[in-house]
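Structural characterization, general
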Amino acid sequence: QELGTCPHSQRIGRSQASGIISSEDTDNSGTFLSKAQAIALSSSEDTDGSRASAPEAARLLAKQGEQLGEDLWKVAEKTAASQEELHRLRDAVVAKQLFVTQRENAIDAAYARLLEQQDRRSRESEMMSQEAATQAAELHKLSNEIKMATRKNEEQAVMVREVQHTLQSMANRAYNVKLEVIDRQEELETREAALHFMENAWDCLTQRVSTK
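The rules we used
Residues numbered from 1 in each chain as written. Predicted model: local features only at pLDDT ≥ 70, side-chain atom pairs only at ≥ 80, totals over all residues. Heavy atoms only, no water. pLDDT = per-residue confidence, 0-100. Helix = DSSP H or I, 4+ residues; strand = E, 2+ residues; numbered from the N terminus. Contact = heavy atoms within 4.5 Å. Salt bridge = Lys/Arg side-chain N within 4 Å of Asp/Glu carboxyl O. Buried < 20%, exposed > 50% of the residue type's maximum accessible area, 1.4 Å probe, protein only.

**What about the confidence of the model for the protein chain?**
- The share of residues in the protein chain with pLDDT of 70 or more is 75%, and the mean pLDDT across the chain is 76.
- Mean pLDDT across the secondary structure elements of the protein chain bottoms out at helix α1 (residues 7–18), with 38, and peaks at helix α3 (residues 54–211), with 87.
- Taken as a whole, residues 1–37 scores under 50 in pLDDT and shows 39 contacts with residues more than four places along the chain or in a different chain.

**Quick word on the pattern of salt bridges**
- A full pass over the atoms with the stated rule returns three salt bridges.
- Two residues, Glu-85 and Arg-88, come together in a salt bridge whose shortest N-O distance is 2.3 Å. A residue pair is termed a helical-turn pair when its members lie 3 or 4 positions apart in one helix, as Glu-85 and Arg-88 do in helix α3 at three residues.
- You can call Glu-85 partly exposed: its relative accessible area is 33%.
- In this structure, Asp-119 and Arg-123 form a salt bridge, with 2.1 Å as the shortest nitrogen-oxygen distance. Of the two residues, Asp-119 and Arg-123 both sit in helix α3, four residues apart, roughly one turn of that helix.

This is the structure in structure tokens:
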């Protein structure tokens, strides 16, 4: 009865009812169970053949129960502290996991942006390559057109020189023909003058003969 009315025994009962002592303290509980068995064994030995009287046995049993209650209370306090530390570590782990998750999300977002930039730059590079190829084709076409125009200009220059040579030849021939015409005209005029002179001379001769 004194064990039942012990304040430490009441605290132990409340601790056990609130679940403070966890299964993680199995080794300590086994130690206190061994102490309790030793107390019971000691009580039974006192009952069978002990020299101590009943009041002394009760006081001894109460003292041992009080010591056992204090030990159990210390274990409960240690268990509560361990559970508090476990909760703190668990919260730290959760916070660390949240930080890691946030970092992973940030890395994934950065990687996605990097892929988007690479894809955009690849498309821009492809467009620039296509534009450069188009410009190169147009430049090649223009170069061919320039070559063809140059060749045509050279051919036309040759034709112009030939025409100029032909015109010069025609001008020379025309000048020669003009000189020939002038010569023939002078010759005709000379012949006409000679003929006219001969006609006048014949008329004079005829008149002289008729007067004789």
